[in-house]
Number of protein chains: 2
Amino acid sequence: MSKGRLYLIPSPLGDNAPEEVIPAGTLQILRSLEVFVVEELRSARRYLSKAGLKGHVESLELHELNEHSTPEDVQALLPLFDKGDVGLVTEAGLPAVADPGASLAALCHEAGIEVVPLVGPSSLMLALMASGLNGQSFAFRGYLPAKTEERRAAIRRVEKDSATFKQTQIFIETPYRNDALFSDFLSVLSPGTLLCTAAGITTPDERIRTATVAQWRRQKTSIGKIPCVFLILAR
Amino acid sequence: MSKGRLYLIPSPLGDNAPEEVIPAGTLQILRSLEVFVVEELRSARRYLSKAGLKGHVESLELHELNEHSTPEDVQALLPLFDKGDVGLVTEAGLPAVADPGASLAALCHEAGIEVVPLVGPSSLMLALMASGLNGQSFAFRGYLPAKTEERRAAIRRVEKDSATFKQTQIFIETPYRNDALFSDFLSVLSPGTLLCTAAGITTPDERIRTATVAQWRRQKTSIGKIPCVFLILAR
């Protein structure tokens, strides 16, 4: 049995000071660690420095885990836990949700290493809270297809599922495609379906609005190239 | 257009000091507010006091919104926003996700009142992070049916959906039924399906473990009567 635990350490969604969106309890554990697995060295160093490790960052032991890592690379991280606790830090928000860190969490369970999730900002849940849509049943589906015809067909299927199961459907999109997706939602969805756009969550640009598709259509609105979560609920 | 905004204010999942799990940015806004909509007066007063309003709680304006509230009761809260900002506090975790507060958030969107979600602990996302299961596609389905035969049939359907859509399925249960649900999972699910139990998240009793159903069956395990999130991923 390894001595160390895997701490999952969230990071801010935007340029916020860590204290604004990361609880003191999370920051305290972050500051106590000396070994981290990170998605990108440069931005992780910047975050760890802002989060209270300024001046100590050069002496920390950082290991990369990203989309280029092989299963063998992940396996090779296991001996780190023989020495003590390890922190996992990924880009923007919760680690190990939709990023390569999940493979390390999974491997820790197989190896009997304790996995401890720490509190921080989740753009999906912040969007869901603020949307006013059904939070008793919801599904996150990640990205819709990039090609227009496939995307429109997927939107139709998803709207049908939403109506059948009274389930809020949640999506994200690469920021430069936000307005193309938004425009497809407005052309394809039924007028009575509720659509929420939650852009720039926790940042000064935050703009969250829920309205029916008919109401959205009556306005000239665009989202622009900032991170946005889209939610729909068919009625 | 109303002057005030609706701030959605999370609360701790257990008996933690608020500072441990609620960011300073959230607490700062909480402390600046004088009008709150709360799920239960007594526990909300206790939380607001611990969160930095000690000595001021008696002078705050608190309004109740809970499962007994009618649509007219929710509507009657709207004039509060003419005077200024309002905080929404519900029991344990994120407000307006699976509680009556969602109806107030929805009404605010209709009335053109800005809804601002603040960061705090989400038992669902903390469980999902720590599970190591698929976070690129997941569905929260709330409670399964209470009657054994219906519940077992529902588990079979959900396992099938999980396999078809490669989608992590997330459930909660009333704590006194945890072990009955857990035992049904072990009897009904396929041996290769991954099952995560995430109990007592963020509390001293926290215990999160992911294993195959076959592995769980080989052990004598029980969860007990503490809040638990269940996650399954069929393979």
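Refer to the structure presented above.
Residues numbered from 1 in each chain as written. Chains lettered and ligands numbered in written order. Predicted model: local features only at pLDDT ≥ 70, side-chain atom pairs only at ≥ 80, totals over all residues. Heavy atoms only, no water.

A word on the sheet that holds strand β6 (residues 138–140) of chain B. Here 10 strands make up an open sheet; going across it, the order is β9(A)-β8(A)-β10(A)-β7(A)-β6(A)-β6(B)-β7(B)-β10(B)-β8(B)-β9(B) and the pairing mixed. Single-partner strands in this sheet number two, and they are β9 (207–212) of chain A together with β9 (207–212) of chain B. Taken over all neighbouring pairs, the strand axes of this sheet differ in orientation by 15 degrees on average, direction set aside. Examined bridge by bridge, strand β8 (residues 194–199) of chain A and strand β10 (residues 228–233) of chain A share 6 bridges and lie antiparallel to one another. In the strand pairing of β10 of chain A, T197 of chain A is matched with F230 of chain A. Relative to the sheet, helix α7 (residues 123–131) of chain B contacts β6 (138–140) of chain A together with β6, β7 (168–172), β8 (194–199), β9 and β10 (228–233) of chain B, its axis offset from that of β10 of chain B by approximately 45 degrees. (Pairing = 2+ DSSP bridges. Helix = DSSP H or I, 4+ residues; strand = E, 2+ residues; numbered from the N terminus. Axes fitted to C-alpha atoms, helices over the stretch in contact; angles between N-to-C directions. Contact = heavy atoms within 4.5 Å.)

The next subject is the nonpolar core. Ranked by internal contacts, the top residues of the largest apolar core, which has 122 residues, are L6, F36 and L104 of chain A together with L6, F36 and L104 of chain B. If near-sequence neighbours (up to four positions away) are discounted, L6 of chain A is found in contact with F81, V86, L88, L104, A105, C108, I113, E114, V115 and V116 of chain A. (Core = buried A, V, L, I, M, F, W, Y, C linked by side-chain atoms within 4.5 Å. Buried < 20%, exposed > 50% of the residue type's maximum accessible area, 1.4 Å probe, protein only.)

Taken residue by residue, the interface counts 50 residues in chain B and 50 residues in chain A. At the junction of chain B with chain A, the criterion picks out 0 salt bridges. At the junction of chain B with chain A, the criterion picks out 12 residue pairs in polar contact (both at pLDDT 80 or more). Elements with a minimum of two residues in the side of chain B that touches chain A: α1 (18–21), α2 (24–32), α6 (101–110), β5 (115–117), α7, β6 and β9 of chain B. At 7 residues, the largest contribution of residues to the side of chain B that touches chain A is made by α7 of chain B. Across 3 bridges, β6 of chain A lies against β6 of chain B in antiparallel orientation. In the strand pairing of β6 of chain B, F140 of chain A is matched with F138 of chain B. (Salt bridge = Lys/Arg side-chain N within 4 Å of Asp/Glu carboxyl O. Polar contact = N/O pair within 3.5 Å; in protein donor to acceptor, adjacent residues only side chain to side chain.)

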